[in-house]
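Per-entry structural report
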Amino acid sequence: EKGNFEHYMLKEIFEQPTTIFDCMRGRLMANKGLVKVGGIREYVDQLANAKRIIIIACGTSLHAGMVAKYLFEEVCRVTVEVEYASEFRYRNPVIRDGDVVIAISQSGETADTLVAIEKAKEMGAIILGICNVVGSSIPRTSHAGAYTHAGAEIGVASTKAFTAQLTVLYLIALQIAKEKGTMENERFRRILNELDSIPKKVQKILDNSYIAQSLASLYLDAKSMIYLGRGYNFPIALEGALKMKEISYIHAEGYPAAEMKHGPIALIDDEMPVMFIATKDATYEKIVSNIQEVKARKGKVIAIVTEGDDAVKNLADHVIEIPEVDEILTPLLSVIPLQLFAYYTGVLRGCNVDQPRNLAKSVTVE
Ligand code: M6R
């Protein structure tokens, strides 16, 4: 039921403080310094000793996997590859002893992802599934895994399932980091506490949803948009652009910000909105200079910034503030305004946001 919301997509966006909380329930005990994902219990050793983790998914779920690459490499010191399921299944991939495959899928029924893990399983990999729909095909095919517990997602655009996927990936990464001793204890405890306070921070962003709404009314006639981010927020740039394409039919592309000067910069003129994710993190200074490059070409800059940021505020045409959080957790916050921006743009353009043309909720054919 949509309740008071006009669309399922909006309802699901607003459910995120609850769904992220539900996803951590019984798994994260920040005050005790404990994190345990029950579903992977029997595979903790394999994960901790994995030589390589291969993440397989499609669409939004692939973007969650891309964030996980940055995360697992940083906190667990393990090599991670992320691959489109549709490419993996038709290649002749190399699977070695000790490789662990993680499949991410909201529906658990995406045909390409399912066939890809069947193939990896035959080749001897251990398969872990991160899925939302309980009892669906991917969890049944996996050796083990963890559910995202986001509840039914009706809107075709994935929103709350995405943040729940990220949450599970954070929990698993932290558990494995603890197991391996790859994370300094103080940082570990701090991140657990910060993860614990994410639902509150997401709520704060939602309380200011009118900002994304008013920006949508300014840019609803754009022909095209560019989304740029670096590091942990590069996959979020891709996700923001995917949401915009699906929901509003505005052409939008995401890139790592530094790639701009290798091509996309040619598109920038005074009509091109460029969405930057410019939170205060390791790449902040670099992003600021990318913003200057866009402004020098008269592009319109919208930037997602950390609360209290002044430098970007002075440069950008508009900013959307998000609460401060450790860099590795920013994707859980930075994606929220992008979901809202896509949603309101779609609504203002008269699109069927819950059921965009040509799309199905789960892609069970290849
Ligand atoms: O059910 P899955 O997570 O396997 O689905 C994967 C994609 O089809 C899905 O994320 C799609 O890209 C969404 N429409 C994105 O909003």
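Given the structure is predicted, the values throughout are model-derived calculations rather than measurements.

Calculation criteria
- Residues numbered from 1 in each chain as written.
- Predicted model: local features only at pLDDT ≥ 70, side-chain atom pairs only at ≥ 80, totals over all residues.
- Heavy atoms only, no water.
- Core = buried A, V, L, I, M, F, W, Y, C linked by side-chain atoms within 4.5 Å.
- Buried < 20%, exposed > 50% of the residue type's maximum accessible area, 1.4 Å probe, protein only.
- Helix = DSSP H or I, 4+ residues; strand = E, 2+ residues; numbered from the N terminus.
- Contact = heavy atoms within 4.5 Å.
- Near = heavy atom within 4 Å.
- Polar contact = N/O pair within 3.5 Å; in protein donor to acceptor, adjacent residues only side chain to side chain.
- Areas by Shrake-Rupley, 256 points an atom, 1.4 Å probe, with all protein chains shown as cover.
- Pairing = 2+ DSSP bridges.
- Axes fitted to C-alpha atoms, helices over the stretch in contact; angles between N-to-C directions.
- pLDDT = per-residue confidence, 0-100.
- Parallel < 35°, antiparallel > 145°, perpendicular 65-115°, else oblique.
- Left-handed = near helix turned anticlockwise from the far one by under 90°.

Comments concerning the nonpolar core
Grouped together as the largest cluster of nonpolar side chains are 96 residues, with contacts concentrated most on Phe72, Leu195, Tyr227 and Phe341. Here the element with the most residues in this core is helix H8 (residues 160–180); it accounts for 11 residues. Beyond its immediate chain neighbours, meaning those up to four positions away, Phe72 contacts Ile53, Arg77, Val78, Val80, Leu169, Ile172 and Ala173. Formed by 21 residues, the second largest nonpolar core is a distinct cluster that contains Ala257, Ala278, Val312 and Ala316.

Quick look at the site of the ligand
Taken together, 14 residues are adjacent to the ligand, and Ser61, Ser105, Gln106, Thr110 and Glu246 come closest. Between the ligand and Ser61, the relevant distance is 2.6 Å, taken from an oxygen atom to a side-chain nitrogen or oxygen of the residue. One of the side-chain N or O atoms of Glu246 is found 2.6 Å from a nitrogen atom in the ligand. Relative to its unbound accessible surface of 410 Å², the ligand loses 91% to contact with the protein. Residue assignment for the shell around the ligand shows that the elements contributing at least two residues are helix H4 (59–76) and helix H12 (234–248). The dominant element in the shell around the ligand, judged by the number of residues it contributes, is H4, at three residues.

Let's talk about the sheet that holds strand S10 (residues 273–277)
Overall, parallel pairing links the five strands, which are arranged S9-S8-S10-S11-S12 in an open sheet. Every other strand in the sheet has two partners, leaving strand S9 (251–256) and strand S12 (318–322) as the edge strands with one partner each. Between one strand axis and the next, the sheet turns through 20° on average, direction left out of account. Strands strand S8 (224–229), S9 and S10 of the sheet are contacted by H12, whose axis makes an angle of about 175° with S9. Most of the contacts of helix H13 (residues 284–296) go to S10, to which it runs at about 170°, and overall it touches S8, S10 and strand S11 (300–306).

Concerning the confidence of the model for the chain
When pLDDT is averaged along the chain, the result is 96; 100% of the residues meet or exceed 70. This prediction of the complex comes with two scores: 0.97 for pTM and 0.99 for ipTM.

Quick look at the packing of helix H10 (residues 198–207) against helix H15 (residues 330–348)
At a closest axis distance of 10 Å, the pairing of H10 and H15 adopts a crossing angle of 25°. The orientation of H10 relative to H15 falls into the category roughly parallel. The two elements H10 and H15 meet at a crossing, and its hand is right-handed. Contacts between H10 and H15 involve Ile198, Lys201, Val202, Ile205 and Leu206 from the former and Leu332, Leu333, Ile336, Pro337 and Leu340 from the latter.

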